[in-house]
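For reference, the chains in residue letters:
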Amino acid sequence: MTDKTPIAILISGRGSNMAALIEASRAADCPYEVILVASNDPEAAGLDHARAAGIATFAHSHKGLKRGEFDAIIDAALREAGVRFVALAGYMRILSEGFIAGWEGRIVNIHPSLLPKYKGLDTHQRAIEAGDAEGGCSVHVVTPELDDGEVIAQARVPILPGDTPETLADRVLIEEHRLYPDALAAYIRSHG
Ligand code: GAR
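For clarity, every value in this text was computed on a predicted model and none was experimentally measured.

Draft legend 1. Broad picture of the sheet that holds strand β3 (residues 57-59). What the seven strands build is an open sheet, ordered β3-β2-β1-β4-β5-β6-β7; its pairing is mixed. A single partner strand is all that each edge strand has here, and the edge strands are β3 and β7 (151-158). Strand-to-strand twist across the sheet, computed as the mean angle between neighbouring axes with direction ignored, equals 20°. Pairing analysis gives four bridges linking strand β5 (residues 107-111) to strand β6 (residues 134-141), with the strands arranged antiparallel.

Have a look at this one:
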């Protein structure tokens, strides 16, 4: 038995942030335990990592389903598992209002920009094209408006001459892996 808060992580791909959250959750003083990793892509590479780490997985393709129908399937899997908080980690689906309402204040996301700048996609390319001196990442509470909820924590990196979206993404990703576990832990401690 554990008195840690049970969480799920939703992924769509590689799952490197998921791996950072799982790793951090092993620490005795970490307030959360990852009890489920769920994906809208049964082929997501992160699912294999989760299974290898001994964590239950749930995968169901969103293809051919309406957004609300698909989210109801994910919602049922989360509730069946006994999840209390949901961490999005490279989850590339926009969540329906109904789903978000059912988890109000209990879904967090990591986004690869310094919000409120560059909501949505292609964040690094947009930061470079704008001539920004810095890029970064933000952990925020998920609300119905895309990438718009309260920002819990941010990390900044310089944008260097000659940076491409890929080189900047690599630099930001290192900070994502540092930022997300601590920001999630702090959020769950104060809202759990
Ligand atoms: C991360 O950079 C994350 O911030 C971003 O996708 C990547 C996922 O990598 N998320 C978004 O763009 C959400 N809109 P990962 O699967 O290795 O964690």
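Draft legend 2. Representation of the site of the ligand within the structure. Close contacts around the ligand come from Arg14, Gly15, Ser16, Asn17, Gly90, Met92, Ile110, His111, Pro112, Leu173 and Glu176, and that covers them all. Backbone polar atom of Gly15 to an oxygen atom of the ligand: 2.8 Å apart, as the coordinates give it. One of the backbone nitrogen or oxygen atoms of Asn17 is found 2.9 Å away from an oxygen atom of the ligand. Here the ligand, which alone exposes 450 Å², has 85% of that area covered by the protein. For the shell around the ligand, the elements supplying multiple residues, two or more each, are α1 (16-25), β5 and α6 (165-191). A breakdown of the residues in the shell around the ligand according to their chemical character gives four nonpolar, five polar and two charged.

Draft legend 3. Representation of the nonpolar core. Within the largest apolar cluster, 37 residues are counted, with the highest numbers of intra-cluster contacts made by Ile9, Tyr32, Val37, Tyr180 and Leu184. Apart from the residues lying within four places of it in its own chain, the contact partners of Ile9 are Met18, Leu21, Ile22, Val34, Leu36, Val37, Ala38, Ala87 and Ala89. Residues Leu36, Ile74, Trp103 and Ile107 belong to the second largest nonpolar core, which totals 17 residues.

Draft legend 4. Region of the structure containing the environment of Leu168. Within the element layout of this structure, Leu168 appears in helix α6. Distance in space between the C-alpha atoms of Leu168 and Val83 is 34 Å, their sequence separation being 85 residues. Residues in contact with Leu168, not counting those within four places in the same chain, are His124, Ile128, Val157, Pro158, Ile159 and Asp163.

Draft legend 5. Structural view of the packing of α1 against helix α2 (residues 45-52). Axis separation between α1 and α2 bottoms out at 9 Å; the angle between their running directions is 15°. In terms of orientation, α1 and α2 fall into the roughly parallel class. Once α1 is placed against α2, the crossing between them reads as right-handed. Mapping the contact onto sequence places Met18, Ala19 and Ile22 in α1 and Gly46, His49 and Ala50 in α2.

Cut-offs used in this document
Residues numbered from 1 in each chain as written. Predicted model: local features only at pLDDT ≥ 70, side-chain atom pairs only at ≥ 80, totals over all residues. Heavy atoms only, no water. Pairing = 2+ DSSP bridges. Helix = DSSP H or I, 4+ residues; strand = E, 2+ residues; numbered from the N terminus. Axes fitted to C-alpha atoms, helices over the stretch in contact; angles between N-to-C directions. Near = heavy atom within 4 Å. Polar contact = N/O pair within 3.5 Å; in protein donor to acceptor, adjacent residues only side chain to side chain. Areas by Shrake-Rupley, 256 points an atom, 1.4 Å probe, with all protein chains shown as cover. Nonpolar A, V, L, I, M, F, W, Y, C, P; charged D, E, K, R; others polar. Core = buried A, V, L, I, M, F, W, Y, C linked by side-chain atoms within 4.5 Å. Buried < 20%, exposed > 50% of the residue type's maximum accessible area, 1.4 Å probe, protein only. Contact = heavy atoms within 4.5 Å. Parallel < 35°, antiparallel > 145°, perpendicular 65-115°, else oblique. Left-handed = near helix turned anticlockwise from the far one by under 90°.

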